[in-house]
Amino acid sequence: MRKQKKVSESYVIMTELVLPNDTNTLHNLMGGKMMHWMDIVSAIAAQRHSNRIVVTASVDNVSFAESIKLGNVVTLEAKVTRAFSSSMEVHIVVYAEDIPSGRKVMSNQAFFTFVAVDQSGKAIDVPEAIPETEEEIKLYDGALRRRQLRLVLAGRMKPSEANELRSIFDLKEGQE
Ligand SMILES: CC(=O)SCCNC(=O)CCNC(=O)[C@H](O)C(C)(C)COP(=O)(O)OP(=O)(O)OC[C@H]1O[C@@H](n2cnc3c(N)ncnc32)[C@H](O)[C@@H]1OP(=O)(O)O
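Residues numbered from 1 in each chain as written. Predicted model: local features only at pLDDT ≥ 70, side-chain atom pairs only at ≥ 80, totals over all residues. Heavy atoms only, no water.

What to know about the pairing of strand β5 (residues 87-98)
Under the convention used in this document: Only protein chains enter the accessibility calculation, which uses a 1.4 Å probe; a residue is then buried when its area is under 20% of its type maximum, exposed when over 50%, and partly exposed in between. Secondary structure elements follow DSSP: runs of H or I no shorter than four residues count as helices, runs of E no shorter than two count as strands, and numbering proceeds from the N terminus. Here a strand pair is declared whenever DSSP counts at least two bridges between the two strands.
Burial runs high along β5: nine of the 12 residues are buried. With 10 bridges connecting them, strand β4 (residues 73-83) and β5 associate as antiparallel partners. The partner of Glu 77 across the bridge, within β5, is Val 93. Connecting β4 to the next strand, β5, in antiparallel fashion are three residues. With 12 bridges joining them, β5 and strand β6 (residues 103-117) adopt antiparallel strand pairing. Paired with Ile 92 across the strands is Ala 110, a residue of β6. Following β5, the chain reverses through four residues before pairing antiparallel with β6; Gly 102 in that reversal takes a positive phi of roughly 75 degrees.

See the structure below:
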């Protein structure tokens, strides 16, 4: 039987301080720096779940709605939402905190996909992820739809094979 692990076992919190070297000329956090931190926190969550070497396979849409300022404290929270065969979807939520004013806002969230690999880089199976809380179950349920969407966009799945997306693409049976 396939090994099972609770989603909560993969949970990671990472805290960073925005320093001058992390910012652009407006003293706002660079998007690339944020993505670097997101990649690290989510890779650790995927490693915790799989106990394996993991590689980033894809990054879903990341938008930067509000700038994060020099001196802010950035907290990144990540957990595996669902495991497939060798791949795992990880949800990352980012908060920006201005300590002097006490203002803390959620600035970004994203889904990254990691694949567990052996020493030669070949994909290997990972344990099943078991959601427990209402939020974990909601993320788990949506993960199949998001997986199909990203595989279709990556050209690795035909839209006609993406059963969960039929309603979005309005495809009829047998249509390519
Ligand atoms: C932590 C880091 O930053 S690592 C550095 C950046 N990342 C890398 O260098 C990764 C480079 N890419 C690779 O090594 C390979 O393409 C891999 C391991 C991701 C996939 O290898 P493939 O030979 O294509 O393997 P395969 O076709 O068997 O697919 C393996 C899994 O990857 C998943 N996968 C492959 N490409 C994608 C993609 N673009 N998006 C989401 N999942 C993907 C597949 O769906 C499959 O998942 P499953 O086993 O759960 O069904």
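Quick look at the UniProt feature "domain: HotDog ACOT-type" (unreviewed entry) in the protein chain
The cut-off we apply is this: UniProt positions are given in the numbering used here, feature names are shortened, and annotations may be inferred rather than shown by experiment.
UniProt tags residues 8-120 as "domain: HotDog ACOT-type" (unreviewed entry). Along residues 8-120 one finds 18% helix and 45% strand; the C-alpha atoms at either end are 29 Å apart.

Focus on the site of the ligand
Quick reminder of the rule: We call a residue near a molecule or strand whenever a single non-hydrogen atom of that residue lies within 4 Å of it. Residues adjacent in sequence count toward polar contacts only when both atoms are side-chain atoms; beyond that, a polar contact is any pair of N or O atoms within 3.5 Å, and within protein one must be able to donate a hydrogen and the other to accept it. All accessible areas in this document rest on Shrake-Rupley with a 1.4 Å probe, and a residue is counted as covered only by the protein chains that are shown.
Around the ligand, a shell composed of 18 residues is seen, among which Thr 56, Ser 85, Ser 86, Ser 87 and Arg 156 lie nearest. Asp 39 places a side-chain nitrogen or oxygen 3.2 Å from an oxygen atom of the ligand. Take Ser 58: an N or O atom from its side chain is 3.3 Å from a nitrogen atom of the ligand. Protein contacts shield 58% of the accessible area of the ligand, which totals 1,000 Å² for the unbound molecule. For the shell around the ligand, the elements supplying multiple residues, two or more each, are β3 (53-59), β6 and α2 (134-153).

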